[in-house]
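So the chains spell out like this:
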Amino acid sequence: MPSETDGVMIILSSPSGAGKTTLVKKLSDHDNFEVSISHTTRKPRSNENQNKDYFFVDELEFERLIKNQEFLEYAKVFNNLYGTTRTPVIDKLNKGKNVLFDIDWQGADQIKNKKLDYKLITFFILPPSKKILFDRLSIRHINDKSMAEERMSQFERDVLHWINYDYVVINNELEECFQKITNLINAEVSNGSKDYDKEFIRNHVEKLIS
Ligand code: 5GP
């Protein structure tokens, strides 16, 4: 049983372009919430900082961490390796901090299967429509149209994992989506009633994949 004083693990996953990273950053402004910083073999983007956005490492170092069993979870995503080291997460949780994870469905599955002694809440963020997603991805990858197209075809596969999450939230408007997630976290922590319509989500997913 999770102890009352321990922090809560909150996972946010989404297909690329649904706005999850912005949501994680916004949630981390809450008192007592901290983002888990992942290791990755991906090269940093121009707006990213070492040890802040990621621990950027080479494949050799990543392999060493795997061998030493330091990862709580790790996975290959878009040809790069990404992983969450166990010790910083457990330390934060034991200090009563809530830990936010911006990780993909493979990592979410692994953490779920570990059945750790901490409360876990998982969210899957979806775009309002395929058209809006494509527009967002086209802006992000303005110099590389094929990248936007590749991410769209990946979307069709990723979206099928929605069923394994506690909650699916549609990111139509950032503030509204943020509020929904915050309300659901508060309701989970206090065992309150949850404003959540799974049938509505199922219909939305069906529209997205049709
Ligand atoms: P990006 O390269 O755009 O920062 O992230 C690509 C994908 O990798 C995103 O879906 C992100 O959530 C996921 N990701 C980032 N860190 C981790 C991690 O530590 N583990 C796993 N499994 N996925 C991660």
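Each chain carries its own residue numbering, running from 1 in the direction its sequence is written. Where totals are concerned, whole chains, interfaces and linings use all residues; where local detail is concerned, this predicted model gives features only for residues with pLDDT of at least 70, and gives and counts side-chain atom pairs only at 80 or more. To obtain the side-chain values, all non-hydrogen atoms of the structure were included, while hydrogens and water were left out.

**Some details on the sheet that holds strand S7 (residues 98-102)**
As a general point, the strands of a sheet are linked pairwise by backbone hydrogen bonds and lie either parallel or antiparallel. Read across the sheet, five strands follow the order S2-S7-S1-S8-S9 without closing on themselves; strand pairing throughout is parallel. At either end of the open sheet lies a strand with only one pairing partner, and these are strand S2 (33-35) and strand S9 (167-170). Strand-to-strand twist of the sheet, defined as the mean angle between neighbouring strand axes without regard to direction, takes the value 25 degrees. In short, DSSP must find at least two bridges between two strands for them to pair. Strands here are runs of E lasting at least two residues and helices are runs of H or I lasting at least four, both read from the DSSP assignment and numbered beginning at the N terminus. Here four bridges tie strand S8 (residues 120-126) to S9, and the two strands are oriented parallel to one another. When the bridges of S9 are listed, Phe124 appears paired with Val168. Whether two residues are in contact is decided by their heavy atoms: any pair within 4.5 Å suffices. All axes are obtained by fitting lines to C-alpha atoms, using only the stretch in contact for helices, and the reported angles, taken between N-to-C directions, cover 0 to 180 degrees. Packing against the sheet, helix H4 (residues 105-114) makes contact with strand S1 (9-13), S7 and S8, and its axis sits at approximately 155 degrees to S1. Helix H7 (residues 174-190) rests against S1, S2, S8 and S9 of the sheet, and its axis sits at about 160 degrees to S9.

**With respect to the packing of aromatic side chains**
Only centres within 6.5 Å qualify two rings of Phe, Tyr or Trp (six-membered ring in Trp) as a pair; their planes then separate them into stacked at under 30 degrees, edge-to-face at over 60, and tilted for everything else. Counted under the stated rule, the structure contains eight aromatic pairs. Chaining the aromatic ring pairs together yields one cluster made of Tyr54, Phe56 and Tyr82. Sitting above the plane of the Phe178 ring, Lys26 keeps its charged end 4.5 Å from the centroid. Charge-over-ring placement is defined geometrically: NZ (Lys) or CZ (Arg) within 6 Å of the ring centre, and within 35 degrees of the ring normal.

**Structural notes on unusual backbone geometry**
Unlike most non-glycine residues, Gln69 shows phi in positive territory, near 55 degrees. Note that Gln69 resides in the loop between helix H2 (59-67) and strand S5 (71-77). Burial status follows relative accessibility: with a 1.4 Å probe on protein chains alone, a residue under 20% of its type maximum counts as buried, one over 50% as exposed, and anything between as partly exposed. We classify Gln69 as exposed; its relative accessible area is 65%. Look at Lys115: it is not a glycine, yet its phi comes out positive at around 45 degrees. Its place among the elements puts Lys115 in the loop between H4 and S8.

**Remarks on helix H6 (residues 145-158)**
Helix length check: H6, at 14 residues, gives a terminal C-alpha distance of 20 Å against a target of 20 Å (1.5 Å per residue), a fit within 8%. Considered for burial, the residues of H6 that qualify are Ala148, Arg151, Met152, Phe155 and Asp158. Projected down its long axis, H6 shows its buried positions confined to an angular sector of 120 degrees, all on one face. Taken together, the buried residues of H6 touch H4, S8, helix H5 (130-140) and helix H8 (198-209). The span you would expect from a helix comes to 1.5 Å times its residue count less one. It is the directions from the helix axis to the C-beta atoms that the arc portrays.

**Examining the packing of H5 against H6**
At their nearest, the axes of H5 and H6 sit 9 Å apart, and the two run at 145 degrees to each other. Where H5 crosses over H6, the handedness of that crossing is right-handed. Only Ala148, Glu149, Arg151, Met152, Phe155 and Glu156 of H6 make contact with H5, whose side of the interface consists of Lys130, Leu133, Phe134, Leu137 and Ser138. Note on residue categories: nonpolar means Ala, Val, Leu, Ile, Met, Phe, Trp, Tyr, Cys or Pro, charged means Asp, Glu, Lys or Arg, and polar means any other residue, Gly included. Looking at the contact of H5 with H6 residue by residue, the class counts come to six nonpolar, one polar and four charged. Crossing chirality is assigned from the near helix's rotation relative to the far helix, an anticlockwise turn below a right angle marking it left-handed and a clockwise turn marking it right-handed.

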